[in-house]
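The residues making up each chain are set out below.
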Amino acid sequence: MAASGIELATLGHRIRHHRVARGFTLDELGARVGVAGSQLSLIENGRREPKLSLLQAIAEATGTDVTDLLSAEPPNRRAALELELERAQSSPVFRRLGVGAVKPAKTMSDETLESILGLHRELQRREHEAIATPEEARRANTELRLRMRAAGNYLPEIEQLAEKQLKAAGHTTGALTHRTVSIMAERLGFELLYVGDLPHSARSVTDLENGRIYLPPASIPGGHGLRSMALQAMAHRLLGHTPPSDYADFLQQRLEINYFAACCLMPETASVAFLAQAKKDRNLAVEDFRDAFGVTHEAAGMRMTNLSTRHLDIRLHFLRVDGAGAITRVYENDGLPLPMDVTGSVEGQVVCRRFSARSAFDEQNRTVEHYQYTDTPGGTFWCSSQTGTTAEGEFSITVGVPFDDARWFRGRETAKRATSACPDDACCRRPDAALTARWEGKAWPSARVHMQMFSPLPRGAFPGVDDGEVYAFLDRHAGG
């Protein structure tokens with residue numbers, strides 16, 4: 001047998017339960033099975049692993065069978081409480097307190113055990129709440145970004161799953177229609193419903209009991225967003241997701257559902273054929289890829305990161321940057337020098353003012369892509385940037401490649417060139433000496449603080465979602 005410590009504890013409780021039920025003392029049962037009572041005591045306390053022959057003898061002596069003794073279920077409520085207490089007191093959270101463990105004596109009531117366990121549960125809850133902060137999210141996000149970088153941002157299993165679902169729904173070529181998305185949902189047993197009262201913290205809500213996926217009404221008729229949100233909701237079911245246990249799990253799930261939606265909107269087979277032909281023609285362009293599949297510029301740029309290294313042998317980078325220059329979404333496997341903090345986190349860092357991602361905001365004509373070469377400490381990179389505006393402000397989307405790979409892209413003839421020395425502060429972060437002499441000690445700007453930087457992860461089952469709001473929403477719609 002190769003039982004874990006907890007399995008041995010459960011086994012010991014089950015042996016004790018059957019021994020006591022038969023009215024045997026340790027010595028009496030020991031005499032029947034050929035071992036000392038002290039040896040049985042060690043087994044019942046989970047400190048010694050019995051041989052199978054001894055288990056068979058114990059089962060025969062107590063009128064049960066070995067399968068029953070090896071069951072993972074505690075034999076009774078009292079045993080369940082004692083096992084839970086043992087687990088709690090063996091956790092790192094409890095051990096760090098330096099407090100002695102409580103041994104549940106026979107005279108200790110179940111109510112006392114329940115009270116002690118209540119304290120342990122609250123201790124665990126507070127520990128999880130304490131680590132579920134933006135700092136924890138940043139660390140988990142950095143680890144996920146590095147894993148995806150090593151994989152070329154390519155997930156073959158999800159690519160295959162998406163193609164299979166599309167084929168089953170009858171999709172062959174062209175942009176994915178809303179009707180096909182509805183068929184895909186129907187095949188999974190779901191109906192797509194568009195409602196105006198979704199909880200403010202949820203992008204969509206899936207009613208597993210009644211087979212419904214609730215989505216917001218379309219702000220733009222026929223928009224890409226609703227197809228993507230519906231596909232993401234379906235992906236949770238197809239990928240077998242369960243409520244995330246921590247930020248890392250939550251972020252992994254978000255990445256997977258976004259990836260599945262992108263695979264459906266821009267299927268691998270059709271996308272690779274399109275991109276390969278464009279490369280052959282030396283006319284790769286994000287805007288053409290975007291228009292061919294009816295998606296957003298950002299979605300097309302990110303999809304290129306999934307496929308270009310794997311299928312086109314092109315390494316590249318992707319940046320979404322807000323109007324202040326802060327990175328909100330990023331991928332690179334081409335060596336572009338990115339700003340990062342001491343933990344290796346990139347999101348939230350401000351990119352160099354010389355980068356195309358920021359200089360594009362200065363362009364007069366923002367309806368077209370802005371091309372630029374940038375000399376950096378990591379080499380020269382060609383970039384294509386497109387700007388846009390949301391309710392939150394301006395943003396830019398940039399896709400770029402090392403100098404040698406620019407030959408495959410439209411816009412490579414651009415004469416626009418810049419030089420960046422970042423992360424050297426002298427590049428664009430340190431103020432001009434004359435300005436410093438003029439204003440140092442004479443100015444006091446007030447920084448804008450985002451309150452979410454202080455917020456812990458909500459305590460509900462789904463990070464970032466108000467469970468109470470969601471459940472109230474489902475209750476309103478359950479009969480409709």
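Look up a bit, the structure's there.
Throughout this document, residue positions are counted from 1 along each chain, in the order its sequence is written. The predicted origin of the model limits local features to residues at a pLDDT of at least 70 and limits the giving and counting of side-chain atom pairs to 80 or more, whereas totals for whole chains, interfaces and linings rest on all residues. Hydrogens and water molecules were not included; the side-chain quantities draw on all heavy atoms of the structure.

Colleague: In this structure, what is going on with the overall build of the protein? I would like to understand it.
Modeller: For the purposes of this entry, the term helix denotes a DSSP run of H or I that reaches at least four residues, the term strand denotes a run of E that reaches at least two, and both are numbered from the N terminus. Helix and strand counts for the protein stand at 20 helices and nine strands. Both definitions apply: the radius of gyration is a C-alpha atom measure, and the globule rule equals 2.2 Å times residues to the power 0.38. Radius of gyration (C-alpha) of the protein: 30 Å, far over the 23 Å computed for a compact globule of 480 residues. Accessible area is worked out with a 1.4 Å probe on protein chains only. A residue is then buried under 20% of its type maximum, exposed over 50%, and partly exposed in between. In the protein, which comprises 480 residues, the share counted as buried stands at 44%. The long-range fraction of contacts in the protein, counting pairs at least 24 apart against all pairs at least 6 apart in sequence, stands at 61%. Here the protein displays about 25,400 Å² of accessible surface, and carbon together with sulfur accounts for 53% of that area. We call two residues contacting when some pair of their heavy atoms lies within 4.5 Å. All accessible-area figures derive from a Shrake-Rupley calculation using a 1.4 Å probe, and residue coverage is judged against the displayed protein chains alone.

Colleague: Explain unusual backbone geometry here, please?
Modeller: Comment: phi is negative for the bulk of residues other than glycine, and the bulk of peptide bonds are trans. Cis geometry is found at the peptide bond from Cys 422 to Pro 423, where omega equals 20 degrees. As for its position among the elements, Pro 423 is in the loop between strand E9 (417-419) and helix H18 (425-428). The backbone of Asn 153 sits at a positive phi, close to 60 degrees, despite the residue not being glycine. As for its placement among the helices and strands, Asn 153 is situated in the loop between helix H9 (134-150) and helix H10 (156-168). Exposure remark for Asn 153: the relative accessible area of 7% places this residue in the buried category. Residue Asp 313 is not a glycine yet carries a positive backbone phi of 60 degrees. Considering the arrangement of structural elements, one finds Asp 313 in the loop between helix H16 (297-312) and strand E4 (317-322).

Colleague: Please clarify how the sheet that holds strand E3 (residues 212-215) should be interpreted in this entry.
Modeller: Within a beta sheet, neighbouring strands are joined by backbone hydrogen bonds and run either parallel or antiparallel to one another. In spatial order, the strands read E1-E3-E2; together these three strands make up an open sheet with mixed pairing. Each end of this open sheet is capped by a strand with a single partner; those strands are strand E1 (191-194) and strand E2 (205-207). Geometrically, the sheet is characterised by an average inter-axis angle of 25 degrees between neighbouring strands, direction not taken into account. At least two DSSP bridges between two strands are needed for those strands to be called paired. Of the pairings in the sheet, the one linking E2 to E3 comprises three bridges and is antiparallel in character. Residue Thr 206 lies in a different strand from E3, and its bridge partner there is Ile 213. Here an angle of 0 to 180 degrees is reported between the N-to-C directions of two axes, which are lines fitted to C-alpha atoms, with helices fitted over the stretch in contact.

Colleague: Hey, could you run me through the pattern of salt bridges in this one?
Modeller: Side chains bearing opposite charge may pair, as long as their charged atoms lie close to each other. What counts as a salt bridge is simple: a side-chain nitrogen of Lys or Arg found within 4 Å of a carboxyl oxygen of Asp or Glu. What the rule picks out here adds up to 20 salt bridges. Arg 410 serves as the salt-bridge partner of Glu 287, at 2.9 Å between the closest nitrogen and oxygen. Of this pair, Glu 287 sits in helix H15 (residues 286-293) while Arg 410 sits in the loop between strand E8 (393-402) and E9, and the two are 123 residues apart along the sequence. Using a relative accessible area of 18% as the deciding quantity, one classes Glu 287 as buried. According to the relative accessible area criterion, Arg 410 is partly exposed, its value standing at 24%. For Asp 288, the salt bridge identified is with Arg 410, shortest N-O distance 2.1 Å. You can see Asp 288 sitting in helix H15 and its partner Arg 410 sitting in the loop between E8 and E9, a full 122 residues away along the chain. Residue Asp 288 is classed as partly exposed on the basis of its relative accessible area of 25%. Through salt bridges with shared partners, a single network forms among Arg 77, Glu 84, Glu 114 and Arg 121.

Colleague: Quick question: what am I supposed to make of the pairing of E4 here?
Modeller: In the case of a regular strand, side chains alternate between the two sheet surfaces. In terms of burial, E4 is a largely internal element, five of the six residues being buried. Where E4 and strand E5 (residues 327-332) come together, five bridges link them in antiparallel fashion. Opposite Phe 318, over in E5, you have Tyr 331 as the bridge partner. In textbook terms, the turn of a hairpin is the stretch between consecutive antiparallel strands, and for E4 and E5 this stretch comprises four residues, one of which, Gly 325, has a positive phi near 95 degrees. Across six bridges, the pairing between E4 and E8 is antiparallel. Following the sheet pairing, Val 321 is matched in E8 by Ser 396.

Colleague: Would you mind showing me how to read the nonpolar core here?
Modeller: Nonpolar side chains tend toward joint burial in soluble globular proteins. Core analysis: the biggest nonpolar cluster contains 67 residues, and Met 184, Leu 231, Met 234, Phe 260, Cys 264 and Phe 409 have the highest contact counts within it. By residue number, the principal contributor to this core is helix H13 (residues 247-265), which donates twelve residues. Among residues more than four places away in sequence, those in contact with Met 184 are Gln 165, Leu 166, Ala 169, Leu 231, Met 234, Phe 260 and Cys 264. Residues enter a nonpolar core if they are buried and are Ala, Val, Leu, Ile, Met, Phe, Trp, Tyr or Cys, with the set joined through side-chain atoms within 4.5 Å.

Colleague: Even after reading the chapter, I still don't get the sheet that holds E8, so can you show me in this structure?
Modeller: Overall, mixed pairing links the six strands, which are arranged E5-E4-E8-E7-E6-E9 in an open sheet. One side of each edge strand has no neighbouring strand; the edge strands of this open sheet are E5 and E9. Going across the sheet, the axis of each strand differs from the next one's by a mean of 25 degrees, ignoring polarity. Relative to the sheet, H16 contacts E4, E5, strand E7 (379-390) and E8, its axis offset from that of E4 by approximately 150 degrees.

Colleague: Explain the state of the cysteines to me, please; I cannot follow it from the model alone.
Modeller: A covalent bond bridging the sulfur atoms of two cysteines is what the word disulfide describes. Only a pair of cysteine sulfur atoms within 2.5 Å qualifies as a disulfide here. Counting across every chain of the model gives zero disulfides. With no disulfide of its own, Cys 352 has Cys 422 as its nearest cysteine by sulfur position, at a separation of 3.6 Å. A relative accessible area of 2% places Cys 352 in the buried class. Counting only cysteine sulfurs, Cys 352 is the nearest neighbor of Cys 427, a cysteine outside any disulfide, at a range of 3.6 Å. For Cys 427, a relative accessible area of 12% gives the class buried.

Colleague: Would you explain the packing of aromatic side chains in this entry?
Modeller: Two measures describe an aromatic ring pair: the distance that separates the ring centres and the angle between the ring planes. Between the rings of Phe, Tyr and Trp (Trp by its six-membered ring), a pair exists once the centres lie within 6.5 Å; its type follows the angle of the planes, with under 30 degrees stacked, over 60 edge-to-face, and the other angles tilted. Throughout the structure, instances matching the rule amount to six aromatic pairs. Ring geometry for Tyr 371 versus Trp 382: centroids 5.8 Å apart, planes at 20 degrees, classification stacked. Residue Tyr 371 is found in strand E6 (residues 370-376), and its partner Trp 382 is found in strand E7; the two are separated by eleven residues along the sequence. Neither Tyr 371 nor Trp 382 differs from the other in exposure class; each is buried. An angle of 45 degrees between the planes, with centres 5.6 Å apart, marks the rings of Tyr 373 and Phe 403 as tilted. Separated by 30 residues along the polypeptide, Tyr 373 in strand E6 and Phe 403 in the loop between E8 and E9 bring together distant segments of the chain.

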